[in-house]
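Next come the chains, spelled out residue by residue.
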Amino acid sequence: GRRLQITLLYFAGVRTAIADEPESELLELPTVPFPLSALRALLTTSVHPNNAELERVLERSGWSVDEEMIDPEQEHIVQLSGGETVCAIPPVSGG
């Protein structure tokens, strides 16, 4: 079948955690539908492996899908099917 991709947007600490500091990146979904809750693991194991800084930032980041903030409680319910724009929202404070 055709490959299903999402567009990932990176800001602030998430962006600087990645070597060439991309503002965005196309990501192929390994399976569809793909649960949003599994995106962190996908990013830190296959897309940007061995990146401890990225793992640390993503653990504390939230997500928005098509410019809509996703409640952390809902991450396992939200399914990505390709074509979405997903943004990792790093915590605003240093805390």
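Treat the numbers as computed from the prediction; the structure is a model and nothing was measured.

Draft legend 1. Geometry of the overall build of the chain. The helix and strand tally for the chain stands at three helices and seven strands. Reading the chain from its N end, one meets helices and strands in the order β-α-β-β-α-α-β-β-β-β. Based on the C-alpha atoms only, the size of the chain along its principal axes is roughly 40 × 30 × 20 Å. A total of 95 residues make up the chain; the buried ones form 38% of that total. In the chain, of all internal contacts separated by at least 6 residues, the share reaching a separation of at least 24 is 58%. Just so you have it, the chain exposes about 5600 Å², and 50% of that area is on carbon and sulfur atoms. Between the centroid of the 6 positive side chains of the chain and the centroid of its 15 negative side chains there is a distance of 4 Å.

Draft legend 2. Layout of the environment of Ala88. Residue position: Ala88 is located in strand β7 (residues 85-89). The exposure class of Ala88 is buried, given its relative accessible area of 0%. Sequence spacing of Ala88 and Ala12 is 76 residues, and the spatial spacing of their C-alpha atoms is 9.6 Å. Ala88 has contacts with Leu9, Phe11, Val14, Leu58, Gly62 and Trp63, leaving out every residue within four places of it along the chain.

Draft legend 3. Structural detail: the sheet that holds β7. One open sheet holds the five strands; their spatial order is β2-β1-β7-β4-β5, and the pairing between them is mixed. Strands with a single pairing partner mark the edges of an open sheet, and in this sheet they are β2 (24-28) and β5 (68-70). Here the strands of the sheet are splayed against their neighbours by 30° on average, with no regard to which way each runs. The sheet contact formed by strand β1 (residues 5-9) and β7 spans three bridges and is parallel. Looking across to β7, one finds that Thr7 is bridged to Thr85. Its contacts with the sheet put helix α2 (residues 39-47) on β1, β2, β4 (62-65) and β7, and the angle it makes with β2 is roughly 95°.

Draft legend 4. Representation of the pattern of salt bridges within the structure. The full count for this structure, using the stated rule, is two salt bridges. Measuring nitrogen to oxygen at the nearest pair gives 3.1 Å for the salt bridge that ties Glu53 to Arg56. Taken together, the residues Glu53 and Arg56, both in helix α3 (residues 52-60) and three residues apart, mark about one turn of the helix. When its relative accessible area of 35% is taken as the criterion, Glu53 is described as partly exposed.

About the criteria used
Residues numbered from 1 in each chain as written. Predicted model: local features only at pLDDT ≥ 70, side-chain atom pairs only at ≥ 80, totals over all residues. Heavy atoms only, no water. Helix = DSSP H or I, 4+ residues; strand = E, 2+ residues; numbered from the N terminus. Buried < 20%, exposed > 50% of the residue type's maximum accessible area, 1.4 Å probe, protein only. Contact = heavy atoms within 4.5 Å. Areas by Shrake-Rupley, 256 points an atom, 1.4 Å probe, with all protein chains shown as cover. Lys, Arg positive; Asp, Glu negative; His and termini not counted. Charge placed at Lys NZ, Arg CZ, Asp CG, Glu CD. Pairing = 2+ DSSP bridges. Axes fitted to C-alpha atoms, helices over the stretch in contact; angles between N-to-C directions. Salt bridge = Lys/Arg side-chain N within 4 Å of Asp/Glu carboxyl O.

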